[in-house]
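Read off the chains here:
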Amino acid sequence: MASVSWRHALFFLLAVNLSVLTTACSGHYGSVIEEFCLAKFKLDMEVLDQRQWCSWEDTVESYGELTNCTFLVALKMNCFWPNRMVDEFFIRVHRHYFHDCSMSGRLLHDPPNRILGPFIVVPILVTLLMTALVVWRSKRSEGIV
């Protein structure tokens, strides 16, 4: 009976500590990452043309710095990372900057001709070769019967 009350007390103490930590983070953490991290990201994105926003090669550095910034702020404020606020923050960032991008994050375009060419030419040549082989074998076997 005593062990059950200790478990309840320990659970209650843990729940109170976690709720205090999450309320401490929710008050200021969101505003700090908005003002500190997002401000730098906005400046970096303004340098790029909007057509480059979907190019991963052009945005990977800024996006990585934004991610690291949210992590470092959480670390300094003794907040868990990632958390619900970070998820919501990045959803807002994606809705604003990356809403027109494809799911892969890259601009879609045709591959270069040196790559695309063999995928077109080889099946055509194989089809012609097999057709010629069938015709040649059929003419050759006519006299064997």
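Numbering of residues starts from 1 in every chain and runs along the sequence as written. For this predicted model, a pLDDT threshold of at least 70 governs which residues receive local features, and a threshold of 80 or more governs which side-chain atom pairs are given and counted, while totals over whole chains, interfaces and linings are taken from all residues. For side-chain calculations, the full set of non-hydrogen atoms in the structure is used, while hydrogens and water are omitted.

If you check an unreviewed UniProt entry, the chain appears there as Receptor activity-modifying protein 1 from Carassius auratus. Regarding the chain, the relevant UniProt record gives this comment under Subcellular location (unreviewed entry): "Cell membrane". UniProt positions are given in the numbering used here, feature names are shortened, and annotations may be inferred rather than shown by experiment. For the chain, the Subunit (unreviewed entry) comment in UniProt is given as "Heterodimer of CALCRL and RAMP1; the interaction induces allosteric modulation of CALCRL function and CGRP1/CALCA and CGRP2/CALCB ligand specificity. Heterodimer of CALCR and RAMP1; interaction forms the AMYR1 receptor complex for amylin/IAPP and CGRP1/CALCA ligands."

Asker: Can you explain the UniProt feature "transmembrane region" (unreviewed entry) in the chain? Please cite residues and give values.
Answerer: According to UniProt, the positions carrying the feature "transmembrane region" (unreviewed entry) are residues 115–136. In DSSP terms, a helix is any run of H or I states spanning at least four residues, a strand is any run of E spanning at least two, and both are numbered starting from the N terminus. Measuring from the first to the last C-alpha atom of residues 115–136 gives 33 Å, for a span that is 100% helix and 0% strand.

Asker: Tell me about the side chain of S62, and name the residues and values.
Answerer: As for its position among the elements, S62 is in helix α2 (residues 56–76). Only protein chains enter the accessibility calculation, which uses a 1.4 Å probe. A residue is then buried if its area is under 20% of the maximum for its type, exposed if over 50%, and partly exposed in between. Assessed through its relative accessible area of 11%, S62 is described here as buried. Those residues in contact with S62 that sit more than four places away from it in its chain are F41 and D44. Whether two residues are in contact is decided by their heavy atoms: any pair within 4.5 Å suffices.

Asker: Can you break down the packing of aromatic side chains residue by residue, with the values?
Answerer: Stacked, tilted and edge-to-face are the three classes assigned to paired rings of Phe, Tyr and Trp, where Trp is represented by its six-membered ring and a pair needs centres within 6.5 Å; plane angles under 30 degrees give stacked, over 60 edge-to-face, the rest tilted. All chains considered together, the criterion is met by eight aromatic pairs. Seen in terms of ring centroids, F71 and W81 are 5.3 Å apart; in terms of plane orientation they differ by 80°. Their pairing is edge-to-face. Highlighted residues: F71 in helix α2 and W81 in the loop between α2 and α3 (84–97), separated in sequence by ten residues. The class for W81 is partly exposed, based on a relative accessible area of 31%. Grouping aromatic residues by their ring pairs yields a cluster made of F41, W53, W56, Y63, F89, F90, Y97 and F98.

Asker: Residue-level account of α2, with values.
Answerer: Helix span, as expected, comes to 1.5 Å for every residue beyond the first. Helix length check: α2, at 21 residues, gives a terminal C-alpha distance of 29 Å against a target of 30 Å (1.5 Å per residue), a fit within 8%. Remark: N78 follows α2 within two positions and exhibits a positive phi of approximately 55°.

Asker: Kindly report on the state of the cysteines, identifying the contributing residues and their values.
Answerer: Note on disulfides: each one is a pair of cysteine sulfur atoms within 2.5 Å. If you walk through the whole model with that rule in mind, you get two disulfides. The disulfide partner of C37 is C69, and the S-S distance across this bridge is 2.0 Å. Disulfide C37-C69: the torsion about the S-S bond is -80°, which places it as left-handed. You can see C37 sitting in helix α1 (residues 2–47) and its partner C69 sitting in helix α2, a full 32 residues away along the chain. Residues C37 and C69 agree in their burial class; the two are buried.

Asker: Which residues make up the pattern of salt bridges, and what values go with them?
Answerer: Pairing between side chains of opposite charge can happen when the charged atoms of each approach one another. Counted as salt bridges are all cases of a side-chain nitrogen of Lys or Arg within 4 Å of a carboxyl oxygen of Asp or Glu. The tally for this structure, following the rule as stated, stands at five salt bridges. One salt bridge connects D49 with R51, and the closest N-O pair in it is separated by 2.7 Å. Judged by its relative accessible area of 67%, R51 falls in the exposed class. With its nearest N and O atoms 3.1 Å apart, the salt bridge here joins R84 to E88. Here R84 and its partner E88 are both found in helix α3, four residues apart, which amounts to about one turn of the helix. Accessibility expressed as a relative area gives 55% for R84, which makes it exposed. Residues joined by salt bridges that share partners form a network here, namely K40, D44 and E65.

Asker: Which residues make up a nonpolar patch on the surface, and what values go with them?
Answerer: A cluster of nonpolar side chains, L116, I120, V121, I124, L125 and L128, forms an exposed patch at the surface whose accessible area comes to about 530 Å². Counting through the fold element by element, L125 comes out in helix α4 (residues 113–140). Residues qualify for a patch when their relative accessible area is over 30% and they have no salt bridge, like charges being joined within 9 Å and the nonpolar side chains of Val, Leu, Ile, Met, Phe, Trp and Tyr within 5 Å. Areas reported here follow the Shrake-Rupley algorithm with a probe of radius 1.4 Å; residue values treat only the protein chains shown as occluding.

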